[in-house]
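# Structure assessment
Residue strings, one per chain:
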Amino acid sequence: LAPLWDLADELKEALNVAKRPYESGLTLLEDPAFDEALTPLAEVLSTRDKRAREAGYQALLADLQTKVDAPAEAVALTLWSLARAWLRSEALEGRRQDGRAPHELRAMEVRQAPLARAAGSALITRGSTQVLVNVTHGHGDAPSSTGLLDRRSNTQLFCHYNFPPFATHEARVSRAVSRRELGHGMVIQRALEPLFQPKKQNLMTRVRSDVLASDGSSSMLSVCAATLALAEAGAPLLQPVVGVSVGLVSEPEGATLLMDITGDEDFYGDMDLKVTGCAEGVTSLHLDNKLGALPWSVLSEALKAASEAHAPLLGALAPF
């Protein structure tokens, strides 16, 4: 595709095309119905169960759309802005949707070898996020593996991350692998690669993570499950590797870091910093940042908090 991209750039320069800023056309609404909805909105957003929370939010939105004489999209935007403001305010006060403290991790349930016929597998649930990882060994020069691996790398490890629509309670067509899935697969691969040791020469190991249910941090949970699945498949890492996502809510009056973020906290927050590592240090980083620039002090504090969170995660995997 590189020649086509170059051609597109040449055409853009020849035509002198200027990129226009995006303008939504929708504005936030002011209506008494929104004032009356603030209390029920807070109750809905405080619901612990994700599916019940989503159902309550959609019911409240549908009710407002019948009461407010405005386009449905404008009503939805206004309600979302109120929800975002409330959630950020709560986070700054040290309160989270699911009742956790800012640096508290969700409880993790581990099931080793749920797939009896796989070389190695693990099923891990953290909150409302659940991933199933299985490991397959194959010959390195097999036709199915040709072209899959980065030729600049000598690794014999290949990681897949799959995010089917049902993971977020959706029914839609599954098409090509998304850019997000490719990126998360690379994060998992970079997390495991420094400590991966092949079973033998010219043997490719494929790690496949299927997200069965998602409420944030699914790629980091995949890293934990991959550590267990590789061990069962006879290709254990030199050291166990775990991962955690660190969020941020930053306002002029203050800022707070959120550990092991949920989907909503990723959506309304300002940062998603994925940190993977073992007992001796960090193996990979991935940063999504909505602020444009982050102070070094924030990154330093986030990395320190993530490293501290790795210890209980490694302890949770130790019995297996």
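So, here is what we can say about the structure in this document. It should be emphasised that the depicted structure is a prediction, and the values quoted were computed from it without experimental measurement. (Residues numbered from 1 in each chain as written. Predicted model: local features only at pLDDT ≥ 70, side-chain atom pairs only at ≥ 80, totals over all residues. Heavy atoms only, no water.)

## Quick look at the sheet that holds strand E8 (residues 271–278)
What the four strands build is an open sheet, ordered E7-E6-E8-E9; its pairing is antiparallel. A single partner strand is all that each edge strand has here, and the edge strands are strand E7 (254–259) and strand E9 (281–289). Within the sheet, the average angular offset between the axes of one strand and its neighbour, ignoring direction, is 20 degrees. Where strand E6 (residues 242–251) lies against E7, six bridges are found, and the strand directions are antiparallel. Opposite Gly247, over in E7, you have Leu258 as the bridge partner. The strands touched by helix H4 (residues 72–92) within the sheet are E6 and E7, with E6 carrying the most contacts at an inclination of about 105 degrees. (Pairing = 2+ DSSP bridges. Helix = DSSP H or I, 4+ residues; strand = E, 2+ residues; numbered from the N terminus. Axes fitted to C-alpha atoms, helices over the stretch in contact; angles between N-to-C directions. Contact = heavy atoms within 4.5 Å.)

## Some words on the pairing of strand E2 (residues 120–126)
Two faces, one strand: in a regular strand the side chains alternate between the faces of the sheet. Counting buried positions along E2 gives seven out of seven residues, so the element sits mostly inside the fold. Burial along E2 is two-sided: Gly120, Ala122, Ile124 and Arg126 and Ser121, Leu123 and Thr125, pointing in opposite directions, are all buried. Across five bridges, the pairing between strand E1 (residues 108–112) and E2 is antiparallel. Its bridge partner being in E2, Val110 is matched across the sheet by Ile124. (Buried < 20%, exposed > 50% of the residue type's maximum accessible area, 1.4 Å probe, protein only.)

## Re the environment of Arg190
By secondary structure assignment, the location of Arg190 is in helix H5 (residues 179–192). On a C-alpha basis, the gap between Arg190 and Arg100 in space is 30 Å, while along the polypeptide they are 90 residues apart. When residues no more than four places from it in sequence are discounted, the contact partners of Arg190 are Thr283 and Ser284.

## Observations regarding the sheet that holds strand E3 (residues 129–139)
Read across the open sheet, the five strands follow the order E1-E2-E3-E5-E4; overall the sheet is mixed. With partners counted over all chains shown, the strands left at the sheet margins are E1 and strand E4 (157–162), one partner each. Within the sheet, the average angular offset between the axes of one strand and its neighbour, ignoring direction, is 15 degrees. Looking at chain direction, E3 and strand E5 (residues 203–213) are connected through ten bridges and run antiparallel. In the sheet register, His139 faces E5, and the bridge partner there is Leu203. Lying over the sheet, helix H6 (residues 218–232) contacts E1, E2, E3, E4 and E5, oriented at roughly 150 degrees with respect to E2. Packing against the sheet, helix H8 (residues 296–317) makes contact with E1 and E2, and its axis sits at approximately 35 degrees to E1.

## Description of the packing of H5 against H6
At a closest axis distance of 10 Å, the pairing of H5 and H6 adopts a crossing angle of 45 degrees. With respect to H6, the element H5 is oriented oblique. Here H5 runs over H6; the crossing is right-handed. In this structure, H5 contributes Arg180, His184, Val187, Ile188, Ala191 and Leu192 to the contact, and H6 contributes Ser218, Ser219, Met220, Ser222, Val223, Ala226, Thr227 and Leu230. Among the residues making up the contact of H5 with H6, the classes are represented as eight nonpolar, five polar and one charged. (Parallel < 35°, antiparallel > 145°, perpendicular 65-115°, else oblique. Left-handed = near helix turned anticlockwise from the far one by under 90°. Nonpolar A, V, L, I, M, F, W, Y, C, P; charged D, E, K, R; others polar.)

## With respect to the nonpolar core
Membership of the largest hydrophobic core comes to 53 residues, with the highest contact counts inside it found for Ile124, Leu192, Val207, Val246 and Met271. In this view, Val207 contacts Val133, Asn134, Val135, Leu157, Phe158, Cys159, His160, Ala226 and Leu230; residues no more than four positions away in its chain are not counted. If you look at the next biggest cluster of nonpolar residues, it comprises 20 residues, including Ala37, Val75, Val249 and Leu258. (Core = buried A, V, L, I, M, F, W, Y, C linked by side-chain atoms within 4.5 Å.)

## A closer look at the pattern of salt bridges
Applying the stated criterion across every chain, the model contains 15 salt bridges. Of the charged contacts in the structure, one is a salt bridge between Glu54 and Lys50, with a shortest N-O distance of 3.9 Å. Pair noted here: Glu54 and Lys50 are both in helix H3 (residues 50–67), with a separation of four residues, about one helical turn. For Glu54, a relative accessible area of 34% translates into the label partly exposed. Using a relative accessible area of 11% as the deciding quantity, one classes Lys50 as buried. Among the salt bridges present, the one from Asp98 reaches Arg100, with a minimum N-O distance of 2.8 Å. Arg100 matches Asp98 in its accessibility class, with the two residues each being buried. Among the charged side chains, a network of salt bridges with common partners joins Asp98, Arg100, Arg106, Arg126 and Asp260. (Salt bridge = Lys/Arg side-chain N within 4 Å of Asp/Glu carboxyl O.)

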